[in-house]
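Single-letter residue listing:
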Amino acid sequence: MAVDILIAEDEPSILEALTFVLRRAGWTVHTVTDGEAVMNAVRRDRPRVLVLDIMMPKRSGFEVLKQIRGNEATAALPVLVLTAKGQQQDRRIAGELGANSFVTKPYSNADVIEAVRALLDEPAALERQ
């Protein structure tokens, strides 16, 4: 089965909420909980979008993003970075490393869905069932 969205998030409650919201919006979702697992999952699942937390065990989201952008096979993968409120430096660094979009924690479900739709180039008016 093709994967629309790979979520890389180590906080169980956030991971559960993101998974629920994105599946309810109609997308297929796969998850990983540490930075080392992201590249293997990207290669294996070939997601259409990566939702990437910055603070993760084993490898930070910054390291993961740098590796994704440095690999020809994954360089074009759209990446939505989750950043903590008030962490402007994280947002700046992620932008410099090639993040396509940002959502600030705490986030609204609508913000996440809108950001993913924009990265997938899907019209917002088409609500999935």
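Placed above this text is the structure.
Positions within a chain are numbered from 1, following the residues in the order the chain's sequence is written. Only residues with pLDDT of at least 70 are given local features in this predicted model, and only at 80 or more are side-chain atom pairs given and counted; all residues enter the totals for whole chains, interfaces and linings. As a rule here, side-chain values come from all non-hydrogen atoms in the structure, and water together with hydrogens is ignored.

**Remarks on the side chain of Ser101**
Piece 1. Examined against the element boundaries, Ser101 turns out to sit in strand β5 (residues 101–105).
Piece 2. Contacts: residue pairs with any heavy atoms within 4.5 Å of one another. When neighbours within four sequence positions are excluded, Ser101 is seen to be in contact with Val79, Leu80, Val81, Ala115 and Leu119. Helix and strand labels come from DSSP, where a helix needs a run of H or I of at least four residues and a strand needs a run of E of at least two; each type is numbered from the N terminus.

**Quick look at the sheet that holds strand β4 (residues 79–84)**
Piece 1. For two strands to pair, DSSP has to find at least two bridges joining them. Spatial ordering of the open sheet is given by β2-β1-β3-β4-β5, a layout of five strands whose pairing is parallel. Pairing within the sheet leaves two strands with one partner each, and these edge strands are β2 (29–32) and β5. Strand-to-strand, the axes of this sheet are offset by a mean angle of 20°, without reference to chain direction.
Piece 2. As paired strands, strand β3 (residues 49–53) and β4 are joined by four bridges and run parallel to one another. Interaxial angle, 0 to 180 degrees, is taken between N-to-C directions of lines fitted to C-alpha atoms, where a helix line uses only the stretch in contact.

**Brief notes about the pairing of β4**
Piece 1. Note on classification: 1.4 Å probe, protein chains only; a residue is buried when its accessible area is under 20% of the maximum for its type, exposed when over 50%, partly exposed between these limits. Burial analysis of β4 places five of its six residues in the buried class, the great majority of the element.
Piece 2. With strands facing away from the observer, any crossover in which the path from the first strand over the helix to the second runs clockwise is taken as right-handed. Considered for its hand, the β-α-β crossover made up of β3, helix α3 (residues 61–70) and β4 is right-handed.

**Overview of the pattern of salt bridges**
Piece 1. What counts as a salt bridge is simple: a side-chain nitrogen of Lys or Arg found within 4 Å of a carboxyl oxygen of Asp or Glu. Applying the stated criterion to the full structure yields six salt bridges.
Piece 2. Here Lys105 makes a salt bridge to Asp53, at a shortest N to O gap of 3.0 Å. Placement of Lys105 in strand β5 and of Asp53 in strand β3 is noted, with a sequence separation of 52 residues between them.
Piece 3. For Lys105, a relative accessible area of 18% gives the class buried.
Piece 4. In this structure Asp53 comes out as buried when scored by relative accessible area, which is 4%.
Piece 5. Close ionic contact of Glu96 with Arg92 constitutes a salt bridge, the shortest N to O distance being 2.9 Å. Pair noted here: Glu96 and Arg92 are both in helix α4 (residues 88–97), with a separation of four residues, about one helical turn.
Piece 6. A residue is classified by how much of its surface remains accessible, and Glu96, at 58% relative accessible area, is exposed.

**Some words on unusual backbone geometry**
Piece 1. Cis geometry is adopted by the peptide bond preceding Pro106, which originates at Lys105 and carries an omega value of -5°.
Piece 2. Within the secondary structure layout, Pro106 lies in the loop between β5 and α5 (109–120).
Piece 3. With phi around 45°, Arg46 is a residue other than glycine that occupies positive phi space.
Piece 4. By the secondary structure assignment, Arg46 is in the loop between α2 (35–45) and β3.
Piece 5. Look at Arg46 and you get exposed, because its relative accessible area is 68%.
Piece 6. Its identity as a non-glycine residue notwithstanding, Lys58 has a phi of 75°, on the positive side.
Piece 7. Note on placement: Lys58 falls in the loop between β3 and α3.
Piece 8. What makes Lys58 exposed here is its relative accessible area of 60%.

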